[in-house]
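A look at the structure
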There are 2 protein chains.
Amino acid sequence: MLAFTETPAAMSTATPTYDTLAGTWGRLHRLGHLQSIAGWDQAANMPPKANEARAAAMAEMAALLHRMVTDPALPGQLERAEQEPLDDWQRANLREMHRQWHLSNALPESLVQRMRMATARCEHAWRQQRPANDWAGFLANFREVLALAREEAALLSQQTGLSKYDAMMDRFEPGMTSAQLDRVFGEVRQWLPGLIQRVLAHQAARPAVDPVGPFPLAAQRALCEKVVRLLGFDFDAGRLDVSTHPFCGGVPEDVRMTTRFRDDEFLSSLMGTIHETGHGRYEQNLPRDWLGQPVAEARSAALHESQSLSFEMQLGSHPGFVNRLAPLVREAFGDQPAFAAQNLHRLLTRVKPGFIRVDADEVTYPAHIILRYEIERPLIEGEIEPEDIPALWDARMSELLGVDTRGNFKDGPLQDVHWPEALFGYFPCYSLGAMYAGQWFAAMRRTMPDLDARIGAGDLAPVFGWLRDNIWSQASRWTTDELARRASGEPLNPAHFKAHLETRYLGD
Amino acid sequence: MLAFTETPAAMSTATPTYDTLAGTWGRLHRLGHLQSIAGWDQAANMPPKANEARAAAMAEMAALLHRMVTDPALPGQLERAEQEPLDDWQRANLREMHRQWHLSNALPESLVQRMRMATARCEHAWRQQRPANDWAGFLANFREVLALAREEAALLSQQTGLSKYDAMMDRFEPGMTSAQLDRVFGEVRQWLPGLIQRVLAHQAARPAVDPVGPFPLAAQRALCEKVVRLLGFDFDAGRLDVSTHPFCGGVPEDVRMTTRFRDDEFLSSLMGTIHETGHGRYEQNLPRDWLGQPVAEARSAALHESQSLSFEMQLGSHPGFVNRLAPLVREAFGDQPAFAAQNLHRLLTRVKPGFIRVDADEVTYPAHIILRYEIERPLIEGEIEPEDIPALWDARMSELLGVDTRGNFKDGPLQDVHWPEALFGYFPCYSLGAMYAGQWFAAMRRTMPDLDARIGAGDLAPVFGWLRDNIWSQASRWTTDELARRASGEPLNPAHFKAHLETRYLGD
């Protein structure tokens, strides 16, 4: 397949409108490149006093990009391009252009503006309200955010024909619906509390020794870089730096991952880095011939998370991989009892029901997500009000994790930034990603029955090859369902995730 | 004075067109911010494989910024704004807008495009031709660059009424003419060769001990940061990083300086860092109320260089400052005979006629500039041809520095990137900067007779205060001549530079 290029000579006379659109999106990509690098810089490098100027610069660029995607010429061009003789990739590209156009044009600028102000206010105050456990104070701002989110949801629902919550979720996870989520999460709900109890009983007989710090930052950084290389990340086309909140940014041609270090603990930083490496390799291996076009972008939030979790959970906590990790850990920090491979594996798979989602282990994590989904969906649909959140939160935490959160707002509904920022519909993607990751590895094992032995022997190529062929190189070529079917023979099926948890947490 | 703000409420009804223009330049500033940071990132961080995508992104932005400044609405707006009741700062701002508009609109896009390709080709080949001493190969490309530069110069000359070379120089150093340069450089030419000989004789009796390496990079970095802090750079509004070629970039709100380290030598890195700190403080102290507007930009290339050289030469090699530096050097690398303050000062003021401009000391440096000026001016005016360069180069080097460069093109006319990049008219700014720096310190000493004693006592505040009041805060408020007059009571006067050299290099 031919790359899109800008030279008029390479443009087809049969697809002039499509070519115009591809040119527009090429420009969006190139300008977006600067925005991405500036965003990374803001988190990784920027000195504090530059904040205002940087925010103004990035807002100016955001407005510019928005104007480009809301150019009144686009709808007509998108329609005319539909009539042109396009190949499959071009047609998929046109579908994704249409989707991006729709997302950018769905909401009136005034609503976007009011939302920006409301979320900025809510998020800003939340930073103080959370440590102060100030639920009442939070509610005062959050009501406004929710009111605007409901307006958004109503408009998106009208335009898409989806329910309000589904229309919100569709921004992050196209094609996913609450009907499907209800089924999937409903299933998980059935077996999860029982599984957690069995795992807790199982691991009680398998105590782990804690590592003894301090762990010098330079040694941690060297260890992380070594592991990131081992996982195939191309440092000639990306970087690993430090920021307060780890993320993976930049552009596919220049992937910027970040992590953070503290000297009393190294495992969470290491596993966090492995997590970002999954995101990073997805980005680095998107189809280069199509880079800059929407069809070459990562499929969805859940698919992206399926890559980070394939790396962090499926691979990073795989006993065979941990065997390889152990000598590197000893090399970094010297030997100690905690660094025996079996003990490291126990540390990495330790399950403990707790308050905080981001600290949760692989087994209890879905409970945190289901709980949030069961609150944010009716919240957006107008079936409950913000005042109802604490009681629902307490009930679900007790039911799913056996944890008492009453009165503890700061470790309860105040713990995440998503709601103050109106990111309704995003939470499910985390658990969908974990499920897809389980499904990918189940599919790999079907075609490569010796997969676990090969991972144990240090041969990660089969994993990377499968992910490259089935996920990375496919980008947004297919809908998520179709991608899953082609990759694994079936659409999303949480049974694989369940089997993975049972094997890993009850198998030995 | 009131800051320009974007809120319509703050806009005057009496100056609607001026306000529109200020809005346009505010947008240019904000988008240019992203371009600057991306440019810094390219030099300081970017992994090699990102080069093509980054170049494409920055070219897209350059084209966008160019379109904004060549908007056909601007000339009319600039004219109408002239009629509005503006205060002095606004009027200066309008003058600078007009200048920027003119610079961006002076040349047809096709010429700019051809020049871009010719300089890219010439510069790219030059990287190999210089080490290969391949003058003939260089000429083949350089003829095309020069032909286009002459086209540029002819167009700029027509529009400005300046001579061709003056019109080229005016892009970097507005107001400077070759008539004035001939006078100034003619004077320097008279006393420089004799002064160099006297200095060489003088220092022969004052040998210096060389420092003994290696000098660990971490210690060098810590030393540089300490000195940069001592020099008042605000690390909360800027950074110091590493790049192949040191520079000062970023934006006034976020100044990004770079340096480079090698472990067998530390003084050139330290002094290079002090040099960039001068640029950095100028940028950090431009008038904040006007940031984003042309009037708040640094006055000119020579003025910028006058700041870096005020820091590196006037202050950095000042015996009183070197007294303060010596204990920091010992703290960084341990004690050795070379680190005695007097010896450090001798090292920093060692004069040695040589081939290479960028390695030249403060005394011989002007010879390198006069030589280049005496070649590039007639080259642009069409009085000589590229074939004539080597003979002229040899003659001038022998005459001014007593150095024989015959046949040595790589350390002769092939040594700089300026000509392959068509930066004709830039070289004089380096020496003008050194002269202005001498003039500023002479003016300081007139109003503060105890200046040297205060520097020796570690009190740098009088220097920074004077530079802030007279240079930094004035930005582009005045023409360069007027700025010099207000700051020092006279326009450019190279006698101060001569007196400085005599005092420093013959005085002890």
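Residues numbered from 1 in each chain as written. Chains lettered and ligands numbered in written order. Predicted model: local features only at pLDDT ≥ 70, side-chain atom pairs only at ≥ 80, totals over all residues.

In this section: the overall build of chain A. Broken down by element type, chain A carries 20 helices and 3 strands. Relative to a compact globule of 508 residues, whose C-alpha radius of gyration would be 23 Å, chain A shows 23 Å and is just as compact. Taking the principal axes of the C-alpha coordinates as reference, chain A spans close to 70 × 50 × 50 Å. Here the analysis covers contacts within chain A between residues at least 6 apart in sequence; of these, 73% occur between residues at least 24 apart. (Helix = DSSP H or I, 4+ residues; strand = E, 2+ residues; numbered from the N terminus. Rg over C-alpha atoms; globule rule 2.2 N^0.38 Å. Contact = placed C-beta atoms within 7 Å.)

All names here are of chain B. The strand order across the open sheet formed by 3 strands is E1-E3-E2, and the pairing between neighbours is mixed. The sheet is open, and its two edges are formed by strand E1 (238–242) and strand E2 (248–251), each paired on a single side. On average, adjacent strands in this sheet sit at an angle of 20° to one another, irrespective of strand direction. Across 4 bridges, the pairing between E2 and strand E3 (residues 254–259) is antiparallel. Bridging from a neighbouring strand, cysteine 248 pairs with methionine 257 of E3. Sheet strands touched by helix H10 (residues 267–284): E1, E2 and E3. Its angle to E3, the strand with the most contacts, is close to 165°. (Pairing = 2+ DSSP bridges. Axes fitted to C-alpha atoms, helices over the stretch in contact; angles between N-to-C directions.)

Let us look at the nonpolar core. Tyr436 of chain A together with Tyr436 of chain B are the most contacted members of the largest nonpolar core, which totals 254 residues. Excluding residues that lie within four positions of it along the chain, tyrosine 436 of chain B makes contacts with Ala302, Leu303, Ser306, Ala484 and Leu492 of chain B. (Core = buried A, V, L, I, M, F, W, Y, C linked by C-beta atoms within 7 Å. Buried ≥ 20, exposed ≤ 12 C-beta atoms within 10 Å, placed from the backbone.)

In this section: the sheet that holds strand E3 (residues 254–259) of chain A. Residues and elements named next belong to chain A. The 3 strands are arranged E1-E3-E2 in an open sheet whose pairing can be described as mixed. Each having just a single partner strand, strand E1 (238–242) and strand E2 (248–251) make up the two edges of the open sheet. When strand polarity is set aside, the average angle formed by the axes of neighbouring strands in this sheet is 20°. Seen against the sheet, helix H1 (residues 16–44) touches E1, E2 and E3 and runs at an angle of roughly 145° to E2.

Right, let's talk about the interface of chain A and chain B for a bit. Accessible area lost on assembly of the parts is the figure often given for the size of an interface. Facing 29 residues of chain A, the contacting portion of chain B comprises 29 residues. Elements that contribute at least two residues to the side of chain A that touches chain B include exactly H1, helix H2 (51–69) and E1 of chain A. Here the side of chain A that touches chain B is composed, by residue class, of 15 nonpolar, 4 polar and 10 charged. (Nonpolar A, V, L, I, M, F, W, Y, C, P; charged D, E, K, R; others polar.)

To continue, consider unusual backbone geometry. All names here are of chain A. Cis peptide bonds are those with omega within 30 degrees of zero, and the linkage from glycine 213 to proline 214 qualifies with 0°. In this structure, proline 214 sits in the loop between helix H8 (178–204) and helix H9 (217–230). Residues other than glycine seldom take positive phi values, yet alanine 422 does so here, at roughly 65°. Position of alanine 422 among the secondary structure elements: in the loop between helix H15 (389–401) and helix H16 (427–447).

This part is about the pairing of E2 of chain B. Side chains Cys248 and Gly250 of chain B of E2 of chain B all project onto a buried face; the interleaved residues Gly249 and Val251 of chain B project onto the opposite face, where all are buried too. With antiparallel pairing between neighbouring strands as the criterion, E2 of chain B and E3 of chain B make up a hairpin whose turn holds 2 residues.

Another aspect to go through is the environment of histidine 304 of chain A. Residue and element names in this part refer to chain A. Looking at the element boundaries, histidine 304 is found in helix H11 (residues 301–315). On the basis of neighbour count, histidine 304 is assigned to the buried category, with 21 C-beta atoms found within 10 Å. In sequence terms histidine 304 and tyrosine 436 are 132 residues apart; their C-alpha atoms lie 9.9 Å from each other. Not counting the four nearest positions on each side in its chain, histidine 304 is found in contact with His279, Tyr282 and Ala298.

This brings us to the packing of H8 of chain A against helix H20 (residues 495–506) of chain A. Residues and elements named next belong to chain A. Interhelical geometry of H8 versus H20 gives an angle of 15° and a closest axis separation of 10 Å. Classified by the interaxial angle, the pair formed by H8 and H20 is roughly parallel. Classified by chirality, the crossing of H20 by H8 is left-handed. Every residue of H20 that contacts H8 at Trp191, Leu195, Arg198, Val199 and His202 is listed here: Lys498, Leu501, Tyr505 and Leu506. Looking at the contact of H8 with H20 residue by residue, the classes come out as 6 nonpolar, 1 polar and 2 charged. (Parallel < 35°, antiparallel > 145°, perpendicular 65-115°, else oblique. Left-handed = near helix turned anticlockwise from the far one by under 90°.)

Under the fitted operation, chain A is carried onto chain B by 0.0 Å of movement along the axis and a turn of 180°, and the coordinates agree to an RMSD of 0.0 Å. Here the transformation between the copies is reduced to the relation of a two-fold axis. Of every C-alpha in chain A, the one belonging to leucine 34 of chain A sits nearest the axis of rotation, 3.1 Å from it. Comparing interface residues between copies, 100% of those in chain A also lie at the interface in chain B; the contact surface is shared. (Least-squares fit on C-alpha atoms with pLDDT ≥ 70 in both.)

Attention shifts here to the pairing of E3 of chain A. All names here are of chain A. Along E3, 6 of the 6 residues are buried, which leaves the element largely enclosed by surrounding structure. Neither face of E3 is open: one carries Asp254, Arg256 and Thr258, the other Val255, Met257 and Thr259, and all of them are buried. As paired strands, E1 and E3 are joined by 5 bridges and run parallel to one another. Following the sheet pairing, glycine 238 is matched in E3 by valine 255.

All names here are of chain A. We note that the domain assignment places domain 1 (8–105) and domain 2 (128–207 + 281–508) within chain A. Its C-alpha centre places domain 1 at a distance of 29 Å from the equivalent point of domain 2. The interface is formed by 12 residues belonging to domain 1 together with 9 residues belonging to domain 2. Counting only elements with at least two residues in the side of domain 1 that touches domain 2, the list comes to H1 and helix H4 (88–105). When residues in the side of domain 1 that touches domain 2 are grouped by element, the largest group, 8 residues, is from H4. When its residues are assigned to classes, the side of domain 1 that touches domain 2 shows 6 nonpolar, 4 polar and 2 charged. (Domains from an automatic or database assignment.)

What follows covers helix H2 (residues 51–69) of chain B. All names here are of chain B. With 19 residues, H2 extends 27 Å between its outermost C-alpha atoms, agreeing within 8% with the 27 Å of an ideal straight helix rising 1.5 Å per residue. Residues Ala53, Arg54, Ala57, Glu60 and Met61 constitute the buried set of H2. Buried residues along H2 cover an arc of 125° about the axis, so they all sit on one side. Across H2 from its buried face, at more than 90 degrees, point the exposed residues Glu52, Ala55 and Ala59. (Expected span 1.5 Å × (residues − 1). Arc of directions from axis to C-beta.)

All names here are of chain A. As a packed pair, H9 and helix H12 (residues 319–333) sit with axes 9 Å apart at the nearest point and diverge in direction by 155°. Compared by their axis directions, H9 and H12 come out roughly antiparallel. Viewed along their axes, H9 and H12 form a crossing whose handedness is right-handed. Between H9, through Ala219, Ala222, Leu223, Lys226 and Val227, and H12, the contact on the second element is made entirely by Leu328, Val329, Ala332 and Phe333. Among the residues forming the contact of H9 with H12, the class breakdown is 8 nonpolar, no polar and 1 charged.

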